[in-house]
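Examination of the molecular architecture
Here are the chains, one letter per residue:
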2 protein chains.
Amino acid sequence: MSEQSLVSDFKQAMQELAASVNVVTSRHDGSRNGLTATAVCSLSTEPAAMLVCIHKDVQALAEIRASGYFCINVLSADQQNVSDVFAGRSGARGEQRFLEAGDWSPSQSGAPMLDDALASVVCELKEMNQSGTHHICIGHVREVRLNQGASPLIYAQQQYGTLTDLPEAERAA
Amino acid sequence: MSEQSLVSDFKQAMQELAASVNVVTSRHDGSRNGLTATAVCSLSTEPAAMLVCIHKDVQALAEIRASGYFCINVLSADQQNVSDVFAGRSGARGEQRFLEAGDWSPSQSGAPMLDDALASVVCELKEMNQSGTHHICIGHVREVRLNQGASPLIYAQQQYGTLTDLPEAERAA
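The present account deals with the structure reproduced in this document. Since we're looking at a predicted model, the values are computed, not measured. (Residues numbered from 1 in each chain as written. Chains lettered and ligands numbered in written order. Predicted model: local features only at pLDDT ≥ 70, side-chain atom pairs only at ≥ 80, totals over all residues.)

**So, the relation of the copies chain B and chain A**
Placing chain B over chain A gives an RMSD of 0.0 Å and needs a rotation angle of 180 degrees, together with 0.0 Å of translation along the axis. The transformation relating the two chain copies, once decomposed into turn and shift, fits a two-fold axis. Residues of chain B ranked by C-alpha distance from the rotation axis are headed by Ala19(B), positioned 2.2 Å from it. In this assembly, 100% of the residues forming the interface of chain B have copies in chain A that are likewise at the interface, indicating an isologous arrangement. (Least-squares fit on C-alpha atoms with pLDDT ≥ 70 in both. Contact = placed C-beta atoms within 7 Å.)

Right under this line is the structure:
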């Protein structure tokens, strides 16, 4: 298999990998930044830690490094517009994105928390390791806000969706 | 907020984080191993790379390190039984799991590929970094098998599900 077709197949495979949509935010020198990210994982329970993979050329990455904190806001199914704005689809940048979509309140660290997100998890940045085109940002959890009960916003197969029960025929006995 | 309630809230927040269910496999010294994992991310496109977070006490972790390869099999909605068996719910261990659930074929590296998985991505292990209770396993993609068209198996809010369209009212204009 050629390198080119391997990468093409890899990208297609990654479109099959369903994930919650998150907006990862930070605040540095009074200005707020954020980006939409699906490459977000729970990492450790002792200490409580998460990771997010962010492309090396994204402006918000520098802001996260400078501020030392980031907040992972897990979006609910009715927050697609927030995802779109922070993915750059509206053309807004930086602070303007926060004015265009969502209602926001500051965490103790300053990193913006999205009102009505399914969960907002503020992390203190502990490591930022480059691996190819992306950095792995590892943070220890400092603050959590929960707002359970809503459905998640999920991205997979190049479209938004949400969670539904398995069809009866596909449930294990 | 006490450390204890922070960790409790963190665990609840992570239940809100929806993700595809994967079975991560390896083969070493003729024996096959695998585990169910949701903490799986696309990491880089140049080179094509993925990561998976695995608890430090899991047997399959040692096997991945020893073999130098792992395969991430992205499950489809009708493969819940494969997820259950590789999460240990049937009581089967090691090789027995492969006999109990799924049809498997070897990749070039030896790591088992699950027939009819949405995607199977074989990675060469490049780094394994411990962070708290888990290791981050980073692998460069060597082989991809696609089987698109089915629905994904998703785990969130402590239950299995699959992807469905957003309700009309929740779609952005």
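Let's pick the thread back up.
**Some words on the interface of chain B and chain A**
Across the contact, 56 residues belong to chain B and 56 residues belong to chain A. For the side of chain B that touches chain A, the element with the highest residue contribution is helix H1 (residues 3–15) of chain B, accounting for eight residues. Of the residues belonging to the side of chain B that touches chain A, the class tally is 32 nonpolar, 15 polar and nine charged. In the sheet, strand E12 (residues 159–164) of chain A pairs with strand E12 (residues 159–164) of chain B via three bridges, with the strands oriented antiparallel. Among the inter-strand pairings, Thr164(A) is bridged to a residue of E12(B), identified as Thr162(B). (Helix = DSSP H or I, 4+ residues; strand = E, 2+ residues; numbered from the N terminus. Nonpolar A, V, L, I, M, F, W, Y, C, P; charged D, E, K, R; others polar. Pairing = 2+ DSSP bridges.)

**Some words on the sheet that holds strand E9 (residues 119–131) of chain B**
With respect to topology, seven strands assemble into an open sheet ordered E3-E2-E6-E9-E10-E5-E4 (chain B), the strand pairing being antiparallel. If you trace the sheet from one side to the other, it starts and ends with strand E3 (31–37) and strand E4 (40–45) of chain B, each paired once. Neighbour-to-neighbour, the strand axes of the sheet open up by a mean angle of 30 degrees, direction not taken into account. Bridge count for E9(B) against strand E10 (residues 134–146) of chain B is twelve bridges, and the pairing is antiparallel. Paired with Glu124(B) across the bridge in E10(B) is His140(B). Strands E4, strand E5 (48–55), E9 and E10 of chain B of the sheet are contacted by helix H1 (residues 3–15) of chain A, whose axis makes an angle of about 115 degrees with E10(B). (Axes fitted to C-alpha atoms, helices over the stretch in contact; angles between N-to-C directions.)

**Topic: the sheet that holds strand E3 (residues 31–37) of chain A**
Sheet architecture is open: seven strands sit in the order E3-E2-E6-E9-E10-E5-E4 (chain A), paired in antiparallel fashion. Since the sheet does not close on itself, it has two edges, and those belong to E3 and strand E4 (40–45) of chain A, each with one partner. The mean inter-strand angle of the sheet, taken between neighbouring strand axes irrespective of direction, is 30 degrees. Pairing geometry for strand E2 (residues 22–28) of chain A and strand E6 (residues 69–74) of chain A, over four bridges, is antiparallel. Paired with Val23(A) across the strands is Asn73(A), a residue of E6(A). The sheet strands contacting helix H2 (residues 59–67) of chain A are E2, E3, strand E5 (48–55), E6, strand E9 (119–131) and strand E10 (134–146) of chain A, and the helix crosses E2(A) at an angle near 55 degrees. Set on the sheet, H1(B) makes contact with E4, E5, E9 and E10 of chain A; between it and E10(A) the angle comes to about 115 degrees.

**Here we look at H1(B)**
Under the 1.5 Å per step criterion, the end-to-end length of H1(B) is 19 Å for 13 residues, consistent within 8% with the ideal 18 Å. Every buried residue of H1(B) is accounted for by Phe10(B), Ala13(B) and Met14(B). All buried residues of H1(B) project into a common sector of 95 degrees when viewed along the axis, lining one side. Facing away from the buried side of H1(B), by more than 90 degrees, are the exposed residues Gln4(B) and Ser5(B). In this structure, the buried residues of H1(B) make contact with E4, E5, E9 and E10 of chain A. (Expected span 1.5 Å × (residues − 1). Buried ≥ 20, exposed ≤ 12 C-beta atoms within 10 Å, placed from the backbone. Arc of directions from axis to C-beta.)

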